[in-house]
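Examination of the molecular architecture
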Amino acid sequence: MRIVVPRQPTARLSDAWRHCVGTGRLDLALRRDYQESLALVQRDIGFRYIRGHGLLSDGMGIHHPYRHAGERRVRHAFTYLDQVVDAYLEMGIAPFLELGFMPSGLASGDDTVFWWKGNITPPRDEREWADLVRAVMGHLIERYGADQVRGWPIEVWNEPNLAPFWASDQDGYHRLYEVTSLAVKEVDAELQVGGPSLAPGYQDDWIQRFAEFVDARELPIDFVSRHAYASGPVQSVPFGAHQTLMPASALLEQFGAPRRQLAGTGLAELPLHITEFNSSYRPDNPIHDTAFHAAYLAPVLVNGGDLADSFSYWTFSDVFEEVGIPTAPFHGGFGLLTHRQIKKPTYHLYAFMAEMGEQILARGEDHLVTRHDDGRVTVLAWAPADPAGGTPVNGHSIRLSLPVGPPDARNSAYLRRRSVSEEAGNPWAAWCEMGRPLAPGHRRLDALREAAEPARTHGNVPVVDGRADVHLVLGRHEVTLVELTPVADETPDWWSDDRLFGLGDEGTAAYEG
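Residues numbered from 1 in each chain as written. Predicted model: local features only at pLDDT ≥ 70, side-chain atom pairs only at ≥ 80, totals over all residues. Heavy atoms only, no water.

**Digging into the overall build of the chain**
In terms of regular secondary structure, the chain is built from 11 helices and 25 strands. The C-alpha radius of gyration computed for the chain amounts to 26 Å, which stays within 12% of the reference 24 Å derived for 513 residues, consistent with globular compactness. On the principal axes, the C-alpha backbone points of the chain span a range of 105 × 55 × 55 Å. Residue burial in the chain is summarised as follows: out of 513 residues, 56% are buried. A sequence separation of at least 24 residues applies to 76% of the contacts in the chain between residues at least 6 apart. For the chain, the accessible surface area stands at approximately 22300 Å², while carbon and sulfur atoms represent 49% of it. Positive and negative charge centroids in the chain, built from 47 and 69 side chains respectively, lie 3 Å apart. (Helix = DSSP H or I, 4+ residues; strand = E, 2+ residues; numbered from the N terminus. Rg over C-alpha atoms; globule rule 2.2 N^0.38 Å. Buried < 20%, exposed > 50% of the residue type's maximum accessible area, 1.4 Å probe, protein only. Contact = heavy atoms within 4.5 Å. Areas by Shrake-Rupley, 256 points an atom, 1.4 Å probe, with all protein chains shown as cover. Lys, Arg positive; Asp, Glu negative; His and termini not counted. Charge placed at Lys NZ, Arg CZ, Asp CG, Glu CD.)

**Quick look at the pairing of strand β20 (residues 377-382)**
Two faces make up the sheet, and in a regular strand the side chains alternate between them. Here β20 lies mainly inside the structure; six of its six residues are buried. With five bridges joining them, strand β19 (residues 367-371) and β20 adopt antiparallel strand pairing. Within β20, the position partnered with L368 by the bridge is L380. The loop that links β19 with its antiparallel partner β20 comprises five residues; one of these, G375, has a positive phi angle of about 100°. As paired strands, β20 and strand β25 (residues 479-486) are joined by six bridges and run antiparallel to one another. Across the sheet, W382 pairs through a bridge with V479, a residue of β25. (Pairing = 2+ DSSP bridges.)

**A word on the sheet that holds β20**
The strand order across the open sheet built from seven strands is β2-β18-β19-β20-β25-β22-β23, with neighbouring strands paired in antiparallel fashion. On the outer flanks of this sheet lie β2 (11-12) and β23 (455-463), each paired with one strand and no other. Sheet topology places β2 next to strand β18 (residues 359-364); two bridges connect them, and they run antiparallel. Within β18, the residue paired with R12 across the bridge is Q359. In this fold helix α8 (residues 291-303) packs onto β18, β19, β20 and β25, with an angle of close to 130° to the strand it touches most, β20. (Axes fitted to C-alpha atoms, helices over the stretch in contact; angles between N-to-C directions.)

**Overview of the pattern of salt bridges**
Under the counting rule described, the total for this entry stands at 41 salt bridges. Here D284 and R282 are joined by a salt bridge, their closest N and O atoms 2.8 Å apart. Note that E478 is salt-bridged to R417, the shortest N-O span being 2.9 Å. With E478 in the loop between β24 (467-474) and β25 and R417 in strand β22 (residues 411-420), the pair connects residues that are 61 residues apart, well separated along the chain. Just as E478 is buried, R417 falls in that class too. Look at the salt bridges and you will find they share partners, linking R25, D27, R31, D33 and E321 into a network. (Salt bridge = Lys/Arg side-chain N within 4 Å of Asp/Glu carboxyl O.)

**Here we look at the side chain of T23**
Relative to the helices and strands, T23 is located in strand β3 (residues 20-23). In this structure T23 comes out as buried when scored by relative accessible area, which is 1%. Separated by 2.6 Å, the side chains of T23 and Y34 make a polar contact. Once residues lying within four places of it in the same chain are set aside, the contact partners of T23 are Y34, I50, R51, G52, H53, Y88, W314, T315, F316 and F320. (Polar contact = N/O pair within 3.5 Å; in protein donor to acceptor, adjacent residues only side chain to side chain.)

**Some words on α8**
Along an α-helix, residues three or four positions apart point the same way, because every turn accommodates 3.6 residues. The largest bend along α8 reaches roughly 35° and is located at L297, with the proline P299 sitting one to four residues downstream. The buried fraction of α8 amounts to 12 of the 13 residues, a majority that puts the element mostly inside the structure. Turning to α8, its buried residues are A291, F292, H293, A294, A295, Y296, L297, A298, P299, V300, L301 and V302. Capping the start of α8, T290 holds a side-chain oxygen 3.3 Å from the backbone nitrogen of H293, two or three residues further along. (Bend = angle between axes of the 7 residues up to and from the residue.)

**Side note on the packing of helix α3 (residues 126-144) against helix α5 (residues 170-187)**
Close contact between α3 and α5 brings their axes to 9 Å; oriented N to C, the two are set at 35°. Remark: the crossing between α3 and α5 carries right-handed chirality. Contacts between α3 and α5 involve E126, W129, A130, V133, R134, M137, G138 and I141 from the first element and R175, L176, V179, T180, A183, V184, E186 and V187 from the second. Looking at the contact of α3 with α5 residue by residue, the class counts come to 10 nonpolar, two polar and four charged. (Left-handed = near helix turned anticlockwise from the far one by under 90°. Nonpolar A, V, L, I, M, F, W, Y, C, P; charged D, E, K, R; others polar.)

**Looking at the confidence of the model for the chain**
Within the chain, residue pLDDT values average 94, and 98% of them lie at 70 or more. Between residues 507-513, whose pLDDT stays under 50, and residues either more than four places distant or in other chains, the model counts one contact. (pLDDT = per-residue confidence, 0-100.)

**Things to note about the sheet that holds strand β1 (residues 2-4)**
Ordered in space as β1-β21-β24, the three strands form an open sheet in which the pairing is mixed. The open sheet has two edge strands, β1 and β24, and neither has a second partner. Recorded for the sheet is a direction-independent mean angle of 25° between the axes of neighbouring strands. Direction of pairing for strand β21 (residues 396-403) relative to β24: antiparallel, over a ladder of eight bridges. Bridge pairing in β24 links L400 to V470.

**Points about the environment of M91**
Within the element layout of this structure, M91 appears in the loop between α2 (79-90) and β7 (94-95). A relative accessible area of 18% places M91 in the buried class. Spatially, the C-alpha atom of M91 lies 9.9 Å from that of R48, the residues being 43 residues apart in sequence. Dropping the residues within four chain positions of it, M91 is found in contact with Q35, L38, A39 and Q42.

**Regarding α2**
With 12 residues, α2 should cover 16 Å at 1.5 Å per step; its first-to-last C-alpha distance of 17 Å lies within 8% of that length. Listing the buried residues of α2 in full gives L81, D82, V84, V85, A87 and Y88. Considering only its buried residues, α2 is in contact with β3, α1 (32-44), β4 (49-52) and α3. Backbone geometry just downstream of α2 places G92 in the positive-phi region, at approximately 75°. (Expected span 1.5 Å × (residues − 1).)

**Details of the environment of P329**
For P329, the location among the structural elements is in the loop between β17 (310-313) and α9 (345-353). According to the relative accessible area criterion, P329 is buried, its value standing at 9%. In this structure, the C-alpha to C-alpha distance between P329 and Q341, residues 12 residues apart in sequence, is 9.9 Å. Beyond its immediate chain neighbours, meaning those up to four positions away, P329 contacts D318, T338, W431, P437, L438 and P440.

Below, the structure is given as C-alpha cells:
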C-alpha cells in the first residue's frame, strides 16, 4: 500500500533525543581518546548536554580534608573540574551535573559501586557536604558566568532507589535532596536543581512519596528525572552478559510513567528528563554493538519527545569502566562508538536523526518523513526488530508518495540514500568475521572503520504534480536515511551525452579559440 504523505506539516520535530547524552565517570574526559570520540560525536550529531557519574568522587579531586592547628579543614580544588568543563564547552556541549558520588573523606561508610569504587554512602557531616556543593556551584559561576551555569541542570545523586547506588533508605535520600537543593539555591536562586534520578522498576509510591516530601517541606525543584531500560535478568558469561529484551514500546512507557505517577502533585507540570536510557543496563551486553540495536531504538528516538523533555542515551563512547577496563574492541559496551572511534550502527541512527528536517510531514510505525526549510524532504525508515529473537525480516517494503516542490512541479528530484543493516555499516559483523581479535592492529582497525560506514546510493526520481514516488525495500535490521532535493537543471542547451567521447555532429570540428 502506498502512503500519501501530506504536504502540510503536522508538527515540529522535537529535539529531546539529542538534548543530552551519557558518559562514563567525568575524569575520563581528561583522556585523549575520550576527547577525540566526543569531538567526532559532536561533529556528526551535536548533543547539547552531557551527564556522567563521579563529579564529586575522588577521581575528580575536588574535596581535600586536612588538619591544621588541631582543626579539620577542607580545601576545594578544581584542577580537573576546570579541564573537563573547558573541554566540553570547547566541543559545544555543556554539563548536565549529577551531584555524586561521596568523596571518601566525607563518606559515612566504605560501601562503593563499580570497578572504580564510587562511594555510595551518605555524608557523615551534612554541613560539610553543603559546603562542598556550594563551593562547586560557586566556582562554576565565577569561572563560566551565572547566565551560562543557570542553564546547566543539576541532578541530586543517581538511582537512590537501588541499594548498589545508595547505602541508605528513601528517607535518607529525602534528607540528602533537602540539604543539597537548598545549598544549590543559596548560591544562586536561578540554578536548576532536580531529581530523584530513579532506576526502572520502582513502585509508584516511591516517586509519589518524594513529591509529597518536596511539597510538604516546600523544597526547590525545577525538573523531575528517571532512567529507562528494557532488559531482563542477566545470564552471565565470561566478560559479558546476555539478557532478554522487552519491546521498544516498553522504553516509551517508562518515559511517560512519571507524568502519570505525579498527576495531582506539585511536581506534575515540571520538565521531565530521562537522564539514562538504553536497551540493556549492562555495559557488557553484545546487543549494544549490533545492527538490531539501531532498528530496535529507531521508534524510540522518533517518538520519545512526545513523552519527555529529554532522553539521554547511555553512553556516547565505550571509554567506560564501570565493570573494568574493556578487553576487546567489541565487548557490548553502551557506547555509540567503540574505543578508537569505530562507529556502531546506533551511532548512524543518531547521525541520521541529526539530518532530519524540523517539519514533520508523516510518522508511522516504520518511518518518519520531515521537510527542511529549504524544501529538502528527508525520510528515516527502519525494518522491524523482534526482541524475541525471531528471524530478521528481509525485504520490508515501504511505498511513499512524497511532496517535493510546489503542487504543480514537473521536474525531478535528486535522491541520496544511506543505510546500515546486517549487511552494511556493521563493524561488529566484520569483527566477528575476522575471528574477534582482542587487539586488532592498524590494518584491521582501518578495515573495521571502513566496514562501519553506511551503504550509499543515489539516483534521480521524477516529480509529477509536485510528488515523487519512492519505494524502499529494507534489508535485515536496516535503518535508512533518504534525502530528496528538487533538481534545478543547469545543463547547458548545447550539452549532449553523445559528445562525451567526441561523437556527434560537430565531434570532428576544429577547436576555435
